[in-house]
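Letter by letter, the chains look like this.
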Amino acid sequence: MRQRADELRREGRRIAVVPTMGALHEGHLSLIDRALELADVAIVTIFVNPKQFGPNEDLASYPRREENDLALASARGAAIGYCPSAEMMYPSGYQTQVEVTEVSKGLCGASRPEHFAGVATIVTKLLAATKAHVAVFGRKDYQQLVLVRRMVADLDLGTEIASAPIFRDDDGLALSSRNRYLSADERVQATVLYRALRDVRERFERGQRNAQDLEAKLVVRIREAPGLELDYAELRSADSLEPIDGEIGDAAIALVAARVGTTRLIDNIELGGAAGDKP
Ligand code: PAF
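Residues numbered from 1 in each chain as written. Predicted model: local features only at pLDDT ≥ 70, side-chain atom pairs only at ≥ 80, totals over all residues. Heavy atoms only, no water.

Caption draft 1: Summary view of the packing of aromatic side chains. The final tally for this structure, using the stated rule, is three aromatic pairs. Relative to Tyr 62, the ring of Phe 53 has its centre 5.7 Å away and its plane inclined at 75°; by these criteria the two rings are edge-to-face. There is no split in this pair, since Phe 53 and Tyr 62 are both buried. Plain terms: the ring middles of Tyr 90 and Tyr 94 are 5.0 Å apart, the flat faces sit at 80° to each other, and that makes the pair edge-to-face. Lying across the ring of Tyr 90, Lys 51 places its NZ or CZ 4.6 Å from the centre. A cation over an aromatic ring shows up here: Arg 209 above the ring of Phe 204, its NZ or CZ 3.9 Å from the ring centre. (Phe/Tyr/Trp six-rings, centres within 6.5 Å; stacked < 30°, edge-to-face > 60°. Buried < 20%, exposed > 50% of the residue type's maximum accessible area, 1.4 Å probe, protein only. Lys NZ or Arg CZ within 6 Å of the ring centre and 35° of its normal.)

See the structure below:
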């Protein structure tokens with residue numbers, strides 16, 4: 001991969017990478033579209049990263065459909081699919097880990113303590129292997145996006161970090177590779193997440209600015225919904241993900257995570273814009 005990346009760079013081509021764990025859906029494919037707006041060559045990486053799954057999580061059952069994914073990525077314009085094995089990424093003797101201390105705390109980091117170190121580590125390795133000028137991440141995994149931005153800045157990696165909006169089905173459910181675990185009933189129940197987030201945004205747009213009040217509305221709405229077990233529902237600063245005490249000043253983001261049956265889903269909505277790509 002590094003040799004190919006060197007060749008591309010020598011040819012003066014701008015490289016974008018879209019890191020994924022496969023099971024590609026339209027949301028991932030929209031990241032390839034964004035990558036091709038920002039660069040000449042799009043590389044899609046497919047690697048189900050064992051280091052970002054907890055002991056009781058779905059590593060073994062995570063959908064793997066590499067051939068199909070590569071065909072989808074190529075049809076969408078990606079020139080290269082990079083699919084390393086776990087042995088290539090973490091050979092015997094491997095011992096290095098990248099940790100972004102503050103951004104990893106709270107939200108998903110509270111119930112998935114090892115997750116973000118796993119993400120930071122693999123993203124560092126994928127950026128090194130692909131030598132990408134720009135990397136594109138979806139805004140559904142918003143904490144991940146903020147973490148990667150922080151990491152790239154802190155380690156002076158020099159890669160531009162771009163993002164693309166959440167891709168939703170007609171019923172509002174954010175696309176996720178894990179949606180395929182949902183039964184028909186659970187899928188309907190899961191749509192409450194987006195409705196609850198939209199309700200908070202409408203309140204915000206009507207002038208309600210107290211973070212704790214809006215958060216309370218979100219919590220109640222999800223707790224009362226049949227079939228959902230709330231993990232968190234919080235309002236945070238959109239830039240840093242720091243908690244907001246009282247009035248919302250700058251752009252904020254409402255983030256939720258809940259279990260529907262055995263499937264853990266996350267979603268978010270931006271309040272006041274500004275969470276998109278930074279220059
Ligand atoms: O968002 C994902 O699919 C993964 O966390 C990523 C960024 C590919 C790292 O494994």
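Caption draft 2: Examining the nonpolar core more closely. Among the nonpolar cores identified, the biggest contains 43 residues, and Val 123, Tyr 142, Leu 147 and Leu 241 are the most heavily contacted of them. Secondary structure elements with two or more residues in this core: helix H1 (2–10), strand S1 (15–20), strand S2 (41–46), strand S3 (80–82), helix H6 (115–130), strand S4 (134–138), helix H7 (142–154) and strand S7 (252–260). Residues in contact with Leu 147, not counting those within four places in the same chain, are Val 100, Val 103, Ser 104, Phe 116, Val 119 and Ala 120. (Core = buried A, V, L, I, M, F, W, Y, C linked by side-chain atoms within 4.5 Å. Helix = DSSP H or I, 4+ residues; strand = E, 2+ residues; numbered from the N terminus. Contact = heavy atoms within 4.5 Å.)

Caption draft 3: Looking closely at helix H10 (residues 211–224). Between its terminal C-alpha atoms H10 stretches 20 Å, which fits the 20 Å expected from 14 residues at 1.5 Å a residue. All buried positions along H10 are accounted for by Ala 211, Leu 214, Glu 215, Leu 218, Val 219 and Ile 222. Buried residues in H10, looked at end-on, bunch into an arc of 140°, giving them a common side. Of the residues in H10, the exposed ones pointing more than 90 degrees away from the buried face are Arg 223 and Glu 224. In this structure, the buried side of H10 is in contact with helix H9 (192–205), strand S6 (228–237) and S7. (Expected span 1.5 Å × (residues − 1). Arc of directions from axis to C-beta.)

Caption draft 4: Spotlight on the side chain of Gln 52. Secondary-structure assignment places Gln 52 in the loop between S2 and helix H3 (66–75). The exposure class assigned to Gln 52 is buried, which follows from its relative accessible area of 9%. For Gln 52, the residues in contact, after removing those within four places along its chain, are Met 21, Glu 57, Arg 112, His 115, Gly 118, Val 119 and Ile 122.

Caption draft 5: View of the pattern of salt bridges. On inspection of all chains with the given rule, the structure shows 19 salt bridges. For Glu 160, the salt bridge goes to Arg 14, with nearest N and O atoms at 2.8 Å. Placement of Glu 160 in strand S5 (residues 160–164) and of Arg 14 in the loop between H1 and S1 is noted, with a sequence separation of 146 residues between them. The salt bridge involving Glu 57 is made with Arg 112; its shortest N-O contact spans 2.7 Å. Here Glu 57 is found in the loop between S2 and H3, whereas its partner Arg 112 is found in the loop between helix H5 (108–111) and H6, with 55 residues between them in sequence. (Salt bridge = Lys/Arg side-chain N within 4 Å of Asp/Glu carboxyl O.)

Caption draft 6: How the structure looks around the site of the ligand. Near the ligand the following residues occur: Pro 19, Thr 20, Met 21, Gln 52, Val 119, Ile 122, Phe 137 and Gln 144. A distance of 2.6 Å is found between an oxygen atom of the ligand and a side-chain nitrogen or oxygen belonging to Gln 52. Within the side chain of Gln 144, a nitrogen or oxygen atom sits 2.6 Å from an oxygen atom of the ligand. Protein contacts shield 90% of the accessible area of the ligand, which totals 290 Å² for the unbound molecule. Elements with a contribution of two residues or more to the shell around the ligand: S1 and H6. A class-by-class count of the residues in the shell around the ligand yields five nonpolar, three polar and no charged. (Near = heavy atom within 4 Å. Polar contact = N/O pair within 3.5 Å; in protein donor to acceptor, adjacent residues only side chain to side chain. Areas by Shrake-Rupley, 256 points an atom, 1.4 Å probe, with all protein chains shown as cover. Nonpolar A, V, L, I, M, F, W, Y, C, P; charged D, E, K, R; others polar.)

Caption draft 7: Representation of the packing of H9 against H10 in the model. Packing of H9 against H10 brings their axes to within 10 Å, and their N-to-C directions diverge by 155°. In this view, H9 runs roughly antiparallel relative to H10, as classed from their interaxial angle. Regarding H9 and H10, the two cross each other, and that crossing is right-handed. Judged by residue contacts, Val 192, Leu 193, Arg 195, Ala 196, Leu 197, Asp 199, Val 200, Arg 203 and Phe 204 of H9 engage Leu 214, Lys 217, Leu 218, Arg 221 and Ile 222 from H10. (Axes fitted to C-alpha atoms, helices over the stretch in contact; angles between N-to-C directions. Parallel < 35°, antiparallel > 145°, perpendicular 65-115°, else oblique. Left-handed = near helix turned anticlockwise from the far one by under 90°.)

Caption draft 8: Structural view of the pairing of S7. Burial within S7 is extensive, with eight of its nine residues counted as buried. Note: S6 against S7, nine bridges, orientation antiparallel. Bridge pairing in S7 places Arg 236 opposite Ile 253. Where S7 meets strand S8 (residues 263–271), nine bridges bridge the pair, whose relative direction is antiparallel. (Pairing = 2+ DSSP bridges.)

Caption draft 9: Quick peek at the sheet that holds S8. Across the sheet, three strands lie side by side as S6-S7-S8; this open sheet has antiparallel pairing. Here the strands that pair on one side only, and so sit at the sheet edges, are S6 and S8. With strand direction ignored, the average angle separating the axes of adjacent strands in the sheet is 15°. Strands in contact with H9 are S6, S7 and S8; relative to S8, the strand with the most contacts, it is inclined by about 20°. Contacts between H10 and the sheet are confined to S6 and S7, with S6 contributing the most and set at about 165° to the helix.

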